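# Inside the fold
Now for the letters of each chain:
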Amino acid sequence: MERSASASTRQKFCERGLTWIKPSFLWMMYRCGWGAKEGQETVLAVEISRDGFDWALRNACLSGYARGVHADRATWQRQLKRAPARVQWDPERDLHQRPLPYRSLQLGLSGEAAQRYADEWTVAIRDVTPLAHEIHALVRSGDLGSANRLLPQEHPYPVEGASLAHLQG
């Protein structure tokens, strides 16, 4: 679906608290149970602009206090309350949903960030539920090679210098 979300859809994004962006396909499959968890039966791939994602990262706060990143807990709490976006780092997952020794970023949007996500940043939305089910069936049958070949291409996100130092917990 190209960028044609209705006003009511955009409003739902902004009213429901945090809207989470999960850039990792396998982490999303872990979260939604390959599109089988109740209330999570539809898996959407939402493409957003690089400018929008960068804005969200620049304006984000870590979802948890990190010594050395924040001056103290009170400062972190003030930043978190004001930030339109928050970042948490969760273990990446493999095809069997087991944690890997590195983490993937999860980006929560609220307020201004959620509004911009719905109105400005979204480039395309695709239903990838059939792909999730197909890959899961291959994993269940033991055909990990075929499952791996179907995974969406993912690459490390390039950042400049210390521009994201405030998000490294």
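Details of the structure are given in the entry above.
Residues numbered from 1 in each chain as written. Predicted model: local features only at pLDDT ≥ 70, side-chain atom pairs only at ≥ 80, totals over all residues. Heavy atoms only, no water.

### Re the overall build of the protein chain
- Along the backbone of the protein chain there are 7 helices and 6 strands.
- Starting at the N terminus, the α and β elements of the protein chain follow one another as α-β-α-β-α-β-α-β-β-α-β-α-α.
- By the burial criterion, 36% of the 169 residues in the protein chain qualify as buried.
- Considering only contacts in the protein chain between residues 6 or more positions apart, those separated by 24 or more positions represent 68%. (Helix = DSSP H or I, 4+ residues; strand = E, 2+ residues; numbered from the N terminus. Buried < 20%, exposed > 50% of the residue type's maximum accessible area, 1.4 Å probe, protein only. Contact = heavy atoms within 4.5 Å.)

### Describing the environment of Leu57
- Examined against the element boundaries, Leu57 turns out to sit in helix H3 (residues 50-58).
- For the pair Leu57 and Arg86, spaced 29 residues apart in sequence, the C-alpha to C-alpha distance is 8.1 Å.
- Those residues within four positions of Leu57 in sequence are excluded, and the remaining contacts are Val87, Leu105, Leu107, Tyr157, Leu164, His166 and Leu167.

### Brief notes about unusual backbone geometry
- If you check the backbone angles, Trp34 has positive phi at about 60° while not being a glycine.
- Its place among the elements puts Trp34 in the loop between helix H2 (25-32) and strand E2 (44-48).
- Residue Trp34 is classed as buried on the basis of its relative accessible area, which comes to 4%.
- Positive phi outside glycine occurs at Gln97, with the angle close to 70°.

### Quick look at helix H4 (residues 73-82)
- Among the residues making up H4, those that are buried are Thr75, Trp76 and Leu80. An end-on view of H4 places all buried positions within 135° of arc, on one side of the element. Exposed and facing more than 90 degrees away from the buried side of H4 are Lys81 and Arg82.
- Looking at the buried residues of H4, the elements they touch are strand E3 (60-62) and strand E4 (85-93).
- Capping the start of H4, Asp72 holds a side-chain oxygen 3.2 Å from the backbone nitrogen of Ala74, two or three residues further along. (Arc of directions from axis to C-beta. Polar contact = N/O pair within 3.5 Å; in protein donor to acceptor, adjacent residues only side chain to side chain.)

### With respect to the nonpolar core
- The biggest cluster of nonpolar side chains holds 20 residues, and the ones touching the most others in it are Leu57, Val87, Leu107, Leu109 and Trp121.
- Mapped onto this core, the elements with two or more residues apiece are H3, E3, E4, strand E5 (99-109) and helix H5 (111-121).
- Those residues within four positions of Leu109 in sequence are excluded, and the remaining contacts are Gly17, Leu18, Thr19, Ile21, Ala56, Pro84, Ala85, Ala114, Tyr117 and Trp121.
- Residues Cys32, Val43, Leu95 and Ala132 belong to the second largest nonpolar core, which totals 14 residues. (Core = buried A, V, L, I, M, F, W, Y, C linked by side-chain atoms within 4.5 Å.)

### Brief notes about the pairing of E5
- One ladder, built from 3 bridges, connects strand E1 (residues 19-21) with E5; its direction is antiparallel. When the bridges of E5 are listed, Ile21 appears paired with Leu107.
- Of the pairings in the sheet, the one linking E4 to E5 comprises 8 bridges and is antiparallel in character. From the neighbouring strand, Pro91 faces E5, where its bridge partner is Arg103. (Pairing = 2+ DSSP bridges.)

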